[in-house]
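Structural features, examined
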There are 4 protein chains.
Amino acid sequence: MLQENNGEAGLLHWLGGQIDPHSGVPIYLQVRQALTRAVQRGTLRPGDGLPTVRALASELRLAPSTITRAYAELQRGGLIESRAGAGTTVSPQAKQSLARAESQEGLLEELRDILHRLFASGMSPADVQANVAQVIQGLGREAR
Amino acid sequence: MLQENNGEAGLLHWLGGQIDPHSGVPIYLQVRQALTRAVQRGTLRPGDGLPTVRALASELRLAPSTITRAYAELQRGGLIESRAGAGTTVSPQAKQSLARAESQEGLLEELRDILHRLFASGMSPADVQANVAQVIQGLGREAR
Amino acid sequence: MLQENNGEAGLLHWLGGQIDPHSGVPIYLQVRQALTRAVQRGTLRPGDGLPTVRALASELRLAPSTITRAYAELQRGGLIESRAGAGTTVSPQAKQSLARAESQEGLLEELRDILHRLFASGMSPADVQANVAQVIQGLGREAR
Amino acid sequence: MLQENNGEAGLLHWLGGQIDPHSGVPIYLQVRQALTRAVQRGTLRPGDGLPTVRALASELRLAPSTITRAYAELQRGGLIESRAGAGTTVSPQAKQSLARAESQEGLLEELRDILHRLFASGMSPADVQANVAQVIQGLGREAR
DNA sequence: GTGGTCTAGACCACA
DNA sequence: GTGGTCTAGACCACA
């Protein structure tokens, strides 16, 4: 119990150092990214409990709803799981979710690179968007 | 102009054989692609005159607006030029325009491949479109 | 101008009838669903402007943040587009987004049916979830 | 029991040929599948005795825990029965258990198909897992 | 006690 | 003026 308390206290303290309210980056995003890094580094592992919304809010001197928003997005990304009454834990598939997010970030960089090259070659934004929309429409067809 | 009449009659006949109204491919696209192929093969060369919109429409038994659309897109792509009174001609930079179009087609294939991989990794179409829009906005900012 | 005003006034009035704060369904969800229905029925069409967050909030006697949340989710689903200063409009690809959402709903029903049959045949929830996780892992591999 | 010894020796030898430690398939799974096939083909019939964990482990040169895990899963599937002192036998309902396992495999294929279609239509893995979890929770409620 | 929803209103960047 | 973020706190369902 003491050990766990120490670990959680350490996490709270570390999180406090990750948040800069004047950086211009929305705070809920900073919280989300800090927790993502904690899972990446293994500080938080699948099954580990996260601080409660209120505990983290009071530690970081933020409104609870700001933490709630960060937690909600992490949940949507499959990194954590929240249940009323039971608290919030790192999800069993957190590693896979991270791997997916990282591969997506890599793909997004490739996407941006190609878009820049298309625009540089004179293609209009409208044409590019039309091509993207066409691929999306094709997906719908596959899914039927 | 008169000496081109024979060639033009041959072109009209050849174009007629390139259009299949039942193929499902939009007819303006077929016209555009057929004329592009004619330039690729050297049947049409920089400076050559194209049939007027009305002549081509009546020959292919299509609505003039269909031809207008095909010509407009080819003009936008830099393959042909229209000037009031002077008719439509293959533009002097047609070869470079073709090369650019081909490189664009290659880039578009890369684009489609990346999009498919992004969707396969679970990214939502709305998120992808948001990323594309973001790059476009960024371009606007650079241009300012 | 008057016609547009009428249309928007009509939409506001209709939306008011779609929200029941005592139904147990979160209000932001009710707003989201009502607007989705409006697009489904063609009351709202691509390019149409939606009421401003504040106008809709005051009409429905809700806090602005409740509307903001509904708009944010609709935006995430690709149905609408919001830009600070420019207001919120139905997105050009709204129809495709709807089609995708509908086909997803159909697939989710199939999914629930199969899950029930698997459980009825004696498979444990843990085994089912393991199978789902395995498919997801496979996706990551494809995306690389 | 003695009269089964010949048969059992044959079984042990046949099992040895079914296991390939370099195939990448977990060995406990290979053992489980090999024994399942033996029941499918009638080599093992309801009431027949299986080798003891230690006998099979030493014959196949595997760790006893590997065999234990294979036996445990077969038991969970209703294919075999273990009783302290009496050893392990093919259960009387083995045939029905097999039929159920086969129908489960069919359902799992349907499950995988639907999951792929959901991901292809842009649904995120986290959303899919949330839906699965929701069905499981619903089952719990029904059972109460 | 826990997370989720909602309020009423402040403040910000963008236009 | 517009949407996006954030606050401080109330209320709810679930456990």
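Look up: the structure comes first, before these words.
Treat the numbers as computed from the prediction; the structure is a model and nothing was measured. (Residues numbered from 1 in each chain as written. Chains lettered and ligands numbered in written order. Predicted model: local features only at pLDDT ≥ 70, side-chain atom pairs only at ≥ 80, totals over all residues. Heavy atoms only, no water.)

Moving on: the side chain of Q30 of chain B. With respect to the secondary-structure elements, Q30 of chain B resides in helix α2 (residues 27-41). Aside from chain neighbours lying at most four places away, what touches Q30 of chain B is Q18, I19, D20, S23 and V25 of chain B. (Helix = DSSP H or I, 4+ residues; strand = E, 2+ residues; numbered from the N terminus. Contact = heavy atoms within 4.5 Å.)

Turning our attention to the pairing of strand β1 (residues 80-83) of chain D. Residue and element names in this part refer to chain D. Bridge count between β1 and strand β2 (residues 87-90): 4 bridges; the pairing is antiparallel. In the sheet register, S82 faces β2, and the bridge partner there is T88. A loop of 3 residues connects β1 with β2, the two strands running antiparallel in sequence, and G85 in this loop sits at a positive phi of about 90°. (Pairing = 2+ DSSP bridges.)

Time to look at the interface of chain D and chain C. Between chain D and chain C, the contact holds 27 residues from the first and 28 residues from the second. Here chain D packs against chain C, burying approximately 2700 Å² in sum over the two surfaces, 75% of which is carbon and sulfur. Applying the counting criterion to the chain D and chain C interface returns 3 salt bridges. When the shortest N-O distance is used, the salt bridge between E110 of chain D and R117 of chain C registers 3.5 Å. (Buried area = accessible area lost by both parts, 1.4 Å probe. Salt bridge = Lys/Arg side-chain N within 4 Å of Asp/Glu carboxyl O.)

With that settled, the discussion passes to the pattern of salt bridges. Under the counting rule described, the total for this entry stands at 20 salt bridges over all chains. The residue R112 of chain D makes a salt bridge to E105 of chain D at a minimum N-O spacing of 3.4 Å. Judged by relative accessible area, E105 of chain D falls into the partly exposed class, the value being 36%. Each member of the salt-bridge network shares a partner with another, and the members are E110 of chain A together with D113 and R117 of chain B. (Buried < 20%, exposed > 50% of the residue type's maximum accessible area, 1.4 Å probe, protein only.)

For DNA strand F, the set of nearby residues contains 22 residues, the closest of which are I27, Y28, S65, T66 and R69 of chain A. Near-protein atoms of DNA strand F (within 4 Å) split between backbone and bases, with sugar and phosphate holding 67%. A distance of 2.8 Å separates a phosphate oxygen of DNA strand F from a polar atom in the side chain of R69 of chain A. Within the side chain of Q75 of chain C, one N or O atom sits 3.4 Å away from a phosphate oxygen of DNA strand F. Broken down by secondary-structure element, the contributors of at least two residues to the surface near DNA strand F are α2 (27-40) and α4 (64-76) of chain A together with α3 (53-60), α4 (64-76), β1 (80-83) and β2 (87-90) of chain C. Top contributing element to the surface near DNA strand F by residue count: α4 of chain A, with 3 residues. (Near = heavy atom within 4 Å. Polar contact = N/O pair within 3.5 Å; in protein donor to acceptor, adjacent residues only side chain to side chain.)

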